[in-house]
Amino acid sequence: MFVAPCTDFIDDGLYVISVGGLLRVKRLRLRVLDQILSIESNDGSAPETLHLAQADDTLRICGRVIGAWSLKKL
């Protein structure tokens with residue numbers, strides 16, 4: 001995975017985030033009408049949501065994923 005350092009939400013995409021001191025890679029999406037930030041998983045579970053006003057206190061953005069490379073065992 002290739003990560004560009006950043007500390008702000010730029011646009012919908014994959015981000016490295018820290019929540020409670022734990023690093024995770026999650027998809028972040030902004031619901032513009034109600035100013036809700038959606039934190040989504042690929043496992044089918046319901047997304048976590050935060051009001052933008054709460055996001056600064058709860059979550060820290062550490063970087064944005066800009067690419068990935070998958071290696072397969074031969």
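This text goes with the structure placed above it.
Everything numeric here is computed off the predicted structure, so don't read it as measured data.

Reading guide: rules and limits
Residues numbered from 1 in each chain as written. Predicted model: local features only at pLDDT ≥ 70, side-chain atom pairs only at ≥ 80, totals over all residues. Heavy atoms only, no water. Helix = DSSP H or I, 4+ residues; strand = E, 2+ residues; numbered from the N terminus. Buried < 20%, exposed > 50% of the residue type's maximum accessible area, 1.4 Å probe, protein only. Core = buried A, V, L, I, M, F, W, Y, C linked by side-chain atoms within 4.5 Å. Contact = heavy atoms within 4.5 Å.

Right, let's get into the overall build of the chain. A count of helical and extended segments in the chain gives one helix and six strands. Moving toward the C terminus, one meets the helices and strands of the chain in the order β-β-β-β-β-α-β. Along the three orthogonal principal directions, the C-alpha set of the chain runs to about 45 × 25 × 25 Å. Residue burial in the chain is summarised as follows: out of 74 residues, 26% are buried.

Looking now at the nonpolar core. Among the nonpolar cores identified, the biggest contains ten residues, and these are C6, Y15, I17, L28, L37, I39, L50, A55, L59 and I61. Listed by contribution, the elements that provide at least two residues to this core are β2 (13-19), β4 (36-40) and β6 (59-67). Setting aside its immediate chain neighbours within four residues, L50 contacts Q35, I36, L37, I39, A55, T58 and L59.

Considering the arrangement of structural elements, one finds L33 in the loop between β3 (22-31) and β4. You can call L33 exposed: its relative accessible area is 88%. The spacing of L33 and S70 is 37 residues in sequence and 36 Å in space, taken between C-alpha atoms.

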